[in-house]
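Spelled out from the first residue to the last, the chains are:
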There are 4 protein chains.
Amino acid sequence: MSVVESLSNSMSIEVKESCEETAQRGRGRPRDEVARTRILEAALEVLQEVGFANTTTDAIAERAGASKATIYRWWSNKAAVVIEALRKQVSRDTPFADTGDLVNDIHLQLQGFVEFLTGWRGRVFKAFIAAAQNDPAFAESFRTDWILPRREEAKEIFERHKERGALAKNVDLELLLDAMYGPIYFRLLAGHGRLDADFAKSVGDMTIRSLVTS
Amino acid sequence: MSVVESLSNSMSIEVKESCEETAQRGRGRPRDEVARTRILEAALEVLQEVGFANTTTDAIAERAGASKATIYRWWSNKAAVVIEALRKQVSRDTPFADTGDLVNDIHLQLQGFVEFLTGWRGRVFKAFIAAAQNDPAFAESFRTDWILPRREEAKEIFERHKERGALAKNVDLELLLDAMYGPIYFRLLAGHGRLDADFAKSVGDMTIRSLVTS
Amino acid sequence: MSVVESLSNSMSIEVKESCEETAQRGRGRPRDEVARTRILEAALEVLQEVGFANTTTDAIAERAGASKATIYRWWSNKAAVVIEALRKQVSRDTPFADTGDLVNDIHLQLQGFVEFLTGWRGRVFKAFIAAAQNDPAFAESFRTDWILPRREEAKEIFERHKERGALAKNVDLELLLDAMYGPIYFRLLAGHGRLDADFAKSVGDMTIRSLVTS
Amino acid sequence: MSVVESLSNSMSIEVKESCEETAQRGRGRPRDEVARTRILEAALEVLQEVGFANTTTDAIAERAGASKATIYRWWSNKAAVVIEALRKQVSRDTPFADTGDLVNDIHLQLQGFVEFLTGWRGRVFKAFIAAAQNDPAFAESFRTDWILPRREEAKEIFERHKERGALAKNVDLELLLDAMYGPIYFRLLAGHGRLDADFAKSVGDMTIRSLVTS
DNA sequence: ATCTAATCGAGACGGTACGTCGAGTCTTCCC
DNA sequence: GGGAAGACTCGACGTACCGTCTCGATTAGAT
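Residues numbered from 1 in each chain as written. Chains lettered and ligands numbered in written order. Predicted model: local features only at pLDDT ≥ 70, side-chain atom pairs only at ≥ 80, totals over all residues. Heavy atoms only, no water.

Regarding the overall build of chain A
Okay, step 1: For chain A, the helix and strand inventory stands at nine helices and zero strands.
Okay, step 2: The secondary structure elements of chain A, listed N-terminal to C-terminal, are α-α-α-α-α-α-α-α-α.
Okay, step 3: Counting over 214 residues, chain A shows a buried share of 50%.
Okay, step 4: At a minimum sequence separation of 6, the contacts of chain A that also span at least 24 residues come to 64%.
Okay, step 5: Taken as a whole, chain A presents about 10,500 Å² of accessible surface, with 51% of it coming from carbon and sulfur. (Helix = DSSP H or I, 4+ residues; strand = E, 2+ residues; numbered from the N terminus. Buried < 20%, exposed > 50% of the residue type's maximum accessible area, 1.4 Å probe, protein only. Contact = heavy atoms within 4.5 Å. Areas by Shrake-Rupley, 256 points an atom, 1.4 Å probe, with all protein chains shown as cover.)

Structure, rendered in structure tokens:
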């Protein structure tokens, strides 16, 4: 069983497909957008079923009813296909809780995130993070499109808690968010312990304790 | 089959056998500990030079002056060798701090870990985590040969702090460790913020605050 | 899976496709007949230089400028390649005589076979037979890829002699072939007597005598 | 599944074990003759069960309750052990038939030989012949100890038939014997057709036909 | 109504690494 | 010093996957 797959994806991945590209269409047969879609769907299915390491381009091609040549014509390598497939799936989860009560917000948010990770989206999300470790361009996208917007959303809410006095002004929000999410990411990726509602509760409690004393 | 090897954290080539090791020594030629050490060292060198993805068992074997068969006799696959090699080095270069002072221990440990992650070993470590997400066998090795032994090491020290009364008896050590390491893993993998001594200090402070109130 | 390939005894690199070959040509890149030829030639060269026991698939692949995968796509194992390579050469250098005269055909064929066995290919052939005794898979290849095709070739010619009336209809061709080749195999393997043109002549004479009276 | 095993047995095989060797016994523990016997018996058993190609020294050692070192101390390689083990088993079969009637003698002899080959001794005999192809020393022994004595025996009987006038004086007995045994050896080793009483009968008939007309 | 060029499915190809297996050697302890 | 146990080096095996390539068949815009 092969373990490594991330050879030379240091180069940027061509994913952008702007609509106006059809304008410059030359003479020949136009790109088959159906095939493209089938390939991405197939990639996601295979990925979910067997994991990244056991995902082969042959398997994707076969399931998509496409040929490997078609895959490699449009994506530079296996990782690029899978990553583009993942990108669409990991887009949205529940918005940050905003009940007006700090303790409640934290607990609800952690509960929701753990729920999101438990289930098939968790598997995909793990693959998503893994992919980001191997490809700088994808890592950038991971931060910009996923991590940062969600942190901004959370920080806005925490800012309101600060204004209400529920949260001390001098609390480092970056650190607070790391304290909340870090342990959950850790268990997700290292798998050394259960990742369930109880754990979410404990992490929330601990986070809150570290705040109250400050 | 994974190779559990939490017997001796001795840093050198000592063939010294502790009492319980003589028990399992039957007849026949004993395991060549020198070869074992050479293999781990070679793995580390290859890892450093060509990166995780380009590390091959043949290269390790050749550099170690050992045969592939010997590698596969003692480690279930390439991943296991590489993981153990790196973990050994960490245990050696960054043993869990044991100064007798809880606060100090936590800070020192986090400083050491962040330092470890800054540099080429950090890149390798990220590759490990990525690989673990993709391949169940690798994930198992990663947990068994890296995560769990390190945690055991830390928990023993915390247990002593509990006995001394520096730490409340009812503290959940698993949770404590997640609180310490989680934020660091998070920044390592998501890259949304700096991963330096200051951050380590902040995480340590926060962890300790959450303990004092409990 | 053994590769039956009794289609074209063409001695060169012709990619010419006969009528029934187009039938099995589906879509996709067609088999590279040049590579196939190169592999068989390389096998023969390696065989000659280092002997059967020291012939490796890697060596054949490298010399042929092919990949091992290609070899194993078309031949079930090393033995099959080597057997086919040698058999092809024999069919080419020593095609079954077809002069129209039965007596002549038999004598020429036995002369050619004895000549073949005298020299390096005789040594290789002995190694083949030895290997066939020890390994069922090899034995199967040896029968399918060597013995049977050669016998079919001969039987076709004998059938024509039957139609011309030179050979009685009730002659058992299997037995006839055993009578011709058996004594030669016997001396080759047991080495109890000379294996030369005189012997071939004598065996031919004796075989013919046994036919005339029948 | 490995096919080849005959690497470097071109060197002569040390088998001689004269009884007076015990006289020159030195200081240490004397050779364990029981172990030697066990090894040879084990070799024969393994050989019969799995064939030469699948016979491993480990398997022999394990079954014999011996160690590989002991095997290699007394035999130069795997072939040497197996050959010595075989040598004793293939020693005797039925003596050449001598009924006074030439036709009868030939048929009886061929029947007996085919019977001998059918059954477990046939398997061993095949391995015996195969071994002779790879080792000159063993080939010599095969000829001297097995082939030639039996041919002499047969020739004596045929000489008496000549004196009685049942056989023409000018018949080449060597050739006659090759005609009788060759086809049987051929089928035994190439396995392209049945090797049974019917075949023996046919070969006998054919041999006799070739004689009568001469 | 062709011609021409880009695209598609299929699948063979060179290459690289994998993990396994067997041969024959060596090292320890036991007798 | 022989023998059992078993770890070691060496080298070939056959497999798997990657990314490239070459076919014949499609599919439009250009001529």
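Things to note about the protein's contact with DNA strand F
Okay, step 1: With respect to spatial proximity, 53 residues lie near DNA strand F, and among them Gly-28, Thr-70 and Trp-74 of chain B, Tyr-72 of chain C together with Thr-70 of chain D are the closest.
Okay, step 2: The share of sugar and phosphate among atoms of DNA strand F within 4 Å of the protein is 66%.
Okay, step 3: Note that a phosphate oxygen of DNA strand F is positioned 2.7 Å from one of the side-chain N or O atoms of Tyr-72 of chain A.
Okay, step 4: Where the surface near DNA strand F is concerned, the elements lending two or more residues are α3 (68-74) of chain A, α4 (68-74) of chain B, α3 (57-64) and α4 (68-74) of chain C together with α3 (68-74) of chain D.
Okay, step 5: Broken down by class, the residue content of the surface near DNA strand F amounts to 14 nonpolar, 17 polar and 22 charged. (Near = heavy atom within 4 Å. Polar contact = N/O pair within 3.5 Å; in protein donor to acceptor, adjacent residues only side chain to side chain. Nonpolar A, V, L, I, M, F, W, Y, C, P; charged D, E, K, R; others polar.)

Here's the deal with the interface of chain D and chain C
Okay, step 1: Contact residues are listed per partner, giving 44 residues for chain D and 42 residues for chain C.
Okay, step 2: Of the roughly 3,600 Å² buried at the junction of chain D and chain C (both faces included), carbon and sulfur atoms supply 69%.
Okay, step 3: In this assembly, chain D and chain C are joined by two salt bridges.
Okay, step 4: In this structure, Asp-178 of chain D engages Arg-187 of chain C in a salt bridge whose closest nitrogen and oxygen atoms are separated by 2.6 Å.
Okay, step 5: Scanning the region where chain D abuts chain C turns up 12 residue pairs in polar contact (both at pLDDT 80 or more).
Okay, step 6: Counting residues per element, the ones that place at least two in the side of chain D that touches chain C are α6 (120-134), α7 (136-164), α8 (173-190) and α9 (197-212) of chain D.
Okay, step 7: Per-element accounting of the side of chain D that touches chain C gives the leading share, 14 residues, to α8 of chain D.
Okay, step 8: Partitioned by chemical class, the residues of the side of chain D that touches chain C number 24 nonpolar, 12 polar and eight charged. (Buried area = accessible area lost by both parts, 1.4 Å probe. Salt bridge = Lys/Arg side-chain N within 4 Å of Asp/Glu carboxyl O.)

Quick look at the domain arrangement of chain A
All names here are of chain A.
Okay, step 1: Domain parsing of chain A yields domain 1 (30-88) and domain 2 (90-212).
Okay, step 2: A C-alpha centroid distance of 30 Å is found between domain 1 and domain 2.
Okay, step 3: Summed over both sides, the interface between domain 1 and domain 2 buries roughly 890 Å², with carbon and sulfur atoms accounting for 64% of that surface.
Okay, step 4: A per-residue breakdown of the area domain 1 buries against domain 2 is headed by Gln-48, Leu-86 and Arg-87, which together make up 59% of the total.
Okay, step 5: There are zero salt bridges connecting domain 1 and domain 2.
Okay, step 6: The tally of links between domain 1 and domain 2 comes to one residue pair in polar contact (both at pLDDT 80 or more).
Okay, step 7: Looking at the side of domain 1 that touches domain 2, the elements that each hand over two or more residues are α1 (33-50) and α4 (78-89).
Okay, step 8: Residues that form the side of domain 1 that touches domain 2 fall into these classes: four nonpolar, two polar and three charged. (Domains from an automatic or database assignment.)

Re the environment of Leu-195 of chain A
Okay, step 1: Of note, Leu-195 of chain A is situated in the loop between α8 (173-190) and α9 (197-212).
Okay, step 2: Non-local contacts of Leu-195 of chain A, meaning those with residues more than four positions away in its chain, are made with Val-114, Leu-117, Thr-118, Ile-184, Arg-187 and Leu-188 of chain A.

A closer look at the protein's contact with DNA strand E
Okay, step 1: Close to DNA strand E lie 50 residues, the nearest being Thr-70 of chain A, Tyr-72 of chain B, Thr-70 and Trp-74 of chain C together with Tyr-72 of chain D.
Okay, step 2: Per the 4 Å cut-off to the protein, sugar and phosphate atoms form 66% of the nearby atoms of DNA strand E.
Okay, step 3: In the model, a phosphate oxygen of DNA strand E is placed 3.3 Å from a nitrogen or oxygen of the Asp-32 of chain A main chain.
Okay, step 4: Ser-67 of chain C is positioned such that a nitrogen or oxygen atom in its side chain is 3.2 Å from a base nitrogen of DNA strand E.

A short note on the side chain of Asp-178 of chain C
Okay, step 1: Looking at the secondary structure, you find Asp-178 of chain C in helix α9 (residues 173-190).
Okay, step 2: Here the side chain of Asp-178 of chain C touches His-192 of chain D through a polar contact of 2.8 Å, side chain to side chain.
Okay, step 3: The residues touching Asp-178 of chain C, leaving out its near neighbours within four places in the chain, are Arg-151 and Pro-183 of chain C together with Pro-183, Phe-186, Arg-187, His-192 and Phe-199 of chain D.

With respect to the interface of chain A and chain B
Okay, step 1: Every contact between the two is made by 43 residues of chain A and, on the other side, 41 residues of chain B.
Okay, step 2: Counting each side, the surface lost to burial between chain A and chain B is near 3,600 Å², with a carbon and sulfur contribution of 69%.
Okay, step 3: Here chain A and chain B share two salt bridges between them.
Okay, step 4: Of all elements in the fold, only α6 (120-134), α7 (136-164), α8 and α9 of chain A reach the threshold of two or more residues within the side of chain A that touches chain B.
Okay, step 5: The biggest single contributor to the side of chain A that touches chain B is α8 of chain A, with 14 residues.
Okay, step 6: Here the side of chain A that touches chain B is composed, by residue class, of 23 nonpolar, 12 polar and eight charged.

Here we look at the nonpolar core
Okay, step 1: Phe-125, Phe-128, Phe-142, Trp-146 and Phe-158 of chain C together with Phe-125 and Phe-158 of chain D are the most contacted members of the largest nonpolar core, which totals 132 residues.
Okay, step 2: Two domains each provide a minimum of three residues to this core, namely domain 1 (19-88) and domain 2 (90-212) of chain D.
Okay, step 3: If you look at the next biggest cluster of nonpolar residues, it comprises 131 residues, including Ala-64 and Met-180 of chain A together with Leu-102 and Phe-128 of chain B. (Core = buried A, V, L, I, M, F, W, Y, C linked by side-chain atoms within 4.5 Å.)

Describing α9 of chain D
An α-helical turn contains 3.6 residues, so any two residues separated by three or four positions project in the same direction.
Okay, step 1: Between its terminal C-alpha atoms α9 of chain D stretches 22 Å, which fits the 22 Å expected from 16 residues at 1.5 Å a residue.
Okay, step 2: By the burial criterion, the buried members of α9 of chain D are Phe-199, Ala-200, Val-203, Gly-204, Met-206, Thr-207, Ile-208, Ser-210 and Leu-211 of chain D.
Okay, step 3: Contacts made by the buried residues of α9 of chain D are with α9 and α10 (197-212) of chain C together with α5 (102-117) and α8 of chain D. (Expected span 1.5 Å × (residues − 1).)

What to know about the pattern of salt bridges
Okay, step 1: For the structure on display, the rule yields 59 salt bridges over all chains.
Okay, step 2: Each of Arg-151, Glu-152, Lys-155, Glu-174 and Asp-178 of chain A together with Arg-187 of chain B takes part in a single network of salt bridges with overlapping partners.

Quick look at the packing of helix α5 (residues 102-117) of chain A against α8 of chain A
Residues and elements named next belong to chain A.
Okay, step 1: Orientation of α5 relative to α8, taken along the N-to-C sense of each, is 20°, at an axis distance of 11 Å. Here α5 is positioned roughly parallel relative to α8, judged by the angle of their axes. In the packing of α5 onto α8, the handedness of the crossing is right-handed. From α5, Ile-106, Gln-109, Leu-110, Phe-113, Val-114 and Leu-117 reach across to α8, where they touch Met-180, Tyr-181, Ile-184, Tyr-185 and Leu-188.
Okay, step 2: Residues of the contact of α5 with α8, tallied by class, amount to 10 nonpolar, one polar and no charged. (Axes fitted to C-alpha atoms, helices over the stretch in contact; angles between N-to-C directions. Parallel < 35°, antiparallel > 145°, perpendicular 65-115°, else oblique. Left-handed = near helix turned anticlockwise from the far one by under 90°.)

A word on the side chain of Ser-91 of chain C
All names here are of chain C.
Okay, step 1: Counting through the fold element by element, Ser-91 comes out in helix α5 (residues 78-93).
Okay, step 2: Look at Ser-91 and you get buried, because its relative accessible area is 12%.
Okay, step 3: When residues no more than four places from it in sequence are discounted, the contact partners of Ser-91 are Arg-150 and Glu-153.

Remarks on the packing of α5 of chain A against α7 of chain A
Residues and elements named next belong to chain A.
Okay, step 1: In contact at an axis separation of 11 Å, α5 and α7 are set at 160° when each is read in the N-to-C sense. When the axis of α5 is compared with that of α7, the two are roughly antiparallel. The crossing of α5 and α7 is right-handed. Counted together, Leu-102, Asp-105, Ile-106, Gln-109 and Phe-116 of α5 and Trp-146, Arg-150, Ile-157, Phe-158 and His-161 of α7 form the full contact between these two elements.
Okay, step 2: Residues that form the contact of α5 with α7 fall into these classes: six nonpolar, two polar and two charged.

Points about helix α2 (residues 57-64) of chain D
Residue and element names in this part refer to chain D.
Okay, step 1: Of all the positions in α2, only Thr-57, Ile-60, Ala-61 and Ala-64 are classed as buried. Taken around the axis of α2, the buried residues stretch over an arc of 95°, which confines them to a single face.
Okay, step 2: Considering only its buried residues, α2 is in contact with α1 (33-50), α3 and α4 (78-89).
Okay, step 3: Downstream of α2 by one or two residues, Gly-65 has phi in the positive range, about 65°. (Arc of directions from axis to C-beta.)

Things to note about the packing of aromatic side chains
Okay, step 1: Taken as a whole, this structure holds 53 aromatic pairs over all chains when the rule is applied.
Okay, step 2: Geometrically, the ring pair formed by Phe-116 of chain B and Phe-125 of chain B is edge-to-face, given 6.1 Å between the ring centres and 75° between the ring planes. In this pair, the class of Phe-116 of chain B matches that of Phe-125 of chain B, namely buried.
Okay, step 3: Where Phe-125 of chain B meets Trp-146 of chain B, the ring centres are 4.9 Å apart and the plane angle is 40°; that geometry is what we call tilted. Here Phe-125 of chain B, found in helix α7 (residues 120-134), pairs with Trp-146 of chain B, found in helix α8 (residues 136-164); they are 21 residues apart in sequence, far enough to count as distant.
Okay, step 4: What makes Phe-125 of chain B buried here is its relative accessible area of 0%.
Okay, step 5: Through a chain of ring-to-ring contacts, three or more aromatic side chains come together here, namely Phe-186 of chain A together with Phe-52, Phe-113, Phe-116, Phe-125, Phe-128, Phe-138, Phe-142, Trp-146, Tyr-181 and Tyr-185 of chain B.
Okay, step 6: When the ring centre of Trp-146 of chain A is taken as reference, the NZ or CZ atom of Arg-150 of chain A above it lies at 4.9 Å. (Phe/Tyr/Trp six-rings, centres within 6.5 Å; stacked < 30°, edge-to-face > 60°. Lys NZ or Arg CZ within 6 Å of the ring centre and 35° of its normal.)

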